[in-house]
Amino acid sequence: SIWEKTIQKIGRRYEGCTFDSFECHTDEQRRVLGMLRGYSEVIIDNVRNAGRSIVLSGPKGTGKDHLIVALLQVAVMHSIDVHWVNGLDFFGAMRDGIGNDESEAARLKTLTAPTVLAISDPLPPWGELSQFQSATLFRVIDTRYRQLKPTWVTVNVKDSAEAESRIGASAIDRLRHGGLCIGMHWESYRKS
């Protein structure tokens, strides 16, 4: 099935990630879960008509990818074309394309063609995005924004100001416009 192929790409660790399997211990976690369930209840309108992007930000281990995977599953159930990519693989594929003499347009099409693109943390675990990385990420987000295609991004940052400074104000501005930007600021699940 399409979902099985998608989860193979994401990784077996995430195959059981649903809204129901997300553990809520605080009111803030329940609020975030409710917002994403609300988005999923009208997913066709949010995705195909409004092109509503999503940014989930917060420290590592708070369940951002769990919730994006749960939402991807709902999208697939509604026959929405999805593509998931890890941030480091996103830039690795761009770099590999240069070495293979593949056109930049062809490389970008993989990321701009799907109805929904989910990017798991496009920021490097250390340091800043290079100019090439920043420009490439902006081009993908901007192209999708202009075509009303939502981009769902998880990002490991302490707050929205850090997300803006590290990803770029213009890229974040496009994701925010009509989108759902949610901070997930609680203890890491992996610590428990």
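Throughout what follows, the structure given in this document is the object of discussion.

Quick word on the packing of aromatic side chains
Each aromatic ring pair is summarised here by two numbers: the centre-to-centre distance and the angle between the ring planes.
For step 1, the next point in the chain: Counting across every chain of the model gives 1 aromatic pair.
For step 2, the next point in the chain: Between Tyr39 and Trp152, the ring centres sit 5.9 Å apart and the planes meet at 80°, which makes this aromatic pair edge-to-face. You can see Tyr39 sitting in helix H2 (residues 27-41) and its partner Trp152 sitting in strand S4 (residues 151-156), a full 113 residues away along the chain. Summarising the burial analysis for this pair, Tyr39 and Trp152 share the class buried.

So, the packing of helix H8 (residues 160-167) against helix H9 (residues 169-176)
For step 1, the next point in the chain: Where H8 meets H9, the closest approach of the two axes is 6 Å, and the angle between their N-to-C directions is 125°. In this view, H8 runs oblique relative to H9, as classed from their interaxial angle. In this structure, H8 contributes Ser160, Ala163, Glu164 and Ile167 to the contact, and H9 contributes Ala169, Ala171, Ile172 and Arg176.
For step 2, the next point in the chain: The residue inventory of the contact of H8 with H9, partitioned by class, reads 5 nonpolar, 1 polar and 2 charged.

As for the environment of Ala118
For step 1, the next point in the chain: Structurally, the position occupied by Ala118 is in strand S3 (residues 116-120).
For step 2, the next point in the chain: Residue class for Ala118 comes out buried when judged on its relative accessible area of 0%.
For step 3, the next point in the chain: For the pair Ala118 and Arg107, spaced 11 residues apart in the sequence, the C-alpha separation amounts to 16 Å.
For step 4, the next point in the chain: For Ala118, the contacting residues outside a window of four places in its chain are Ile68, Leu72, His83, Trp84, Val85 and Trp152.

Side note on the pairing of S3
For step 1, the next point in the chain: Within S3, 5 of the 5 residues are buried, leaving the element largely enclosed by the surrounding structure.
For step 2, the next point in the chain: Side chains of S3 alternate between two faces, with Val116, Ala118 and Ser120 and Leu117 and Ile119 buried alike.
For step 3, the next point in the chain: Note: strand S2 (residues 82-86) against S3, 5 bridges, orientation parallel. Of the residues in S3, the one forming a bridge with Asn86 is Ser120.
For step 4, the next point in the chain: Bridge count for S3 against S4 is 4 bridges, and the pairing is parallel.

Each value, and the rule that gives it
Residues numbered from 1 in each chain as written. Predicted model: local features only at pLDDT ≥ 70, side-chain atom pairs only at ≥ 80, totals over all residues. Heavy atoms only, no water. Phe/Tyr/Trp six-rings, centres within 6.5 Å; stacked < 30°, edge-to-face > 60°. Helix = DSSP H or I, 4+ residues; strand = E, 2+ residues; numbered from the N terminus. Buried < 20%, exposed > 50% of the residue type's maximum accessible area, 1.4 Å probe, protein only. Axes fitted to C-alpha atoms, helices over the stretch in contact; angles between N-to-C directions. Parallel < 35°, antiparallel > 145°, perpendicular 65-115°, else oblique. Contact = heavy atoms within 4.5 Å. Nonpolar A, V, L, I, M, F, W, Y, C, P; charged D, E, K, R; others polar. Pairing = 2+ DSSP bridges.

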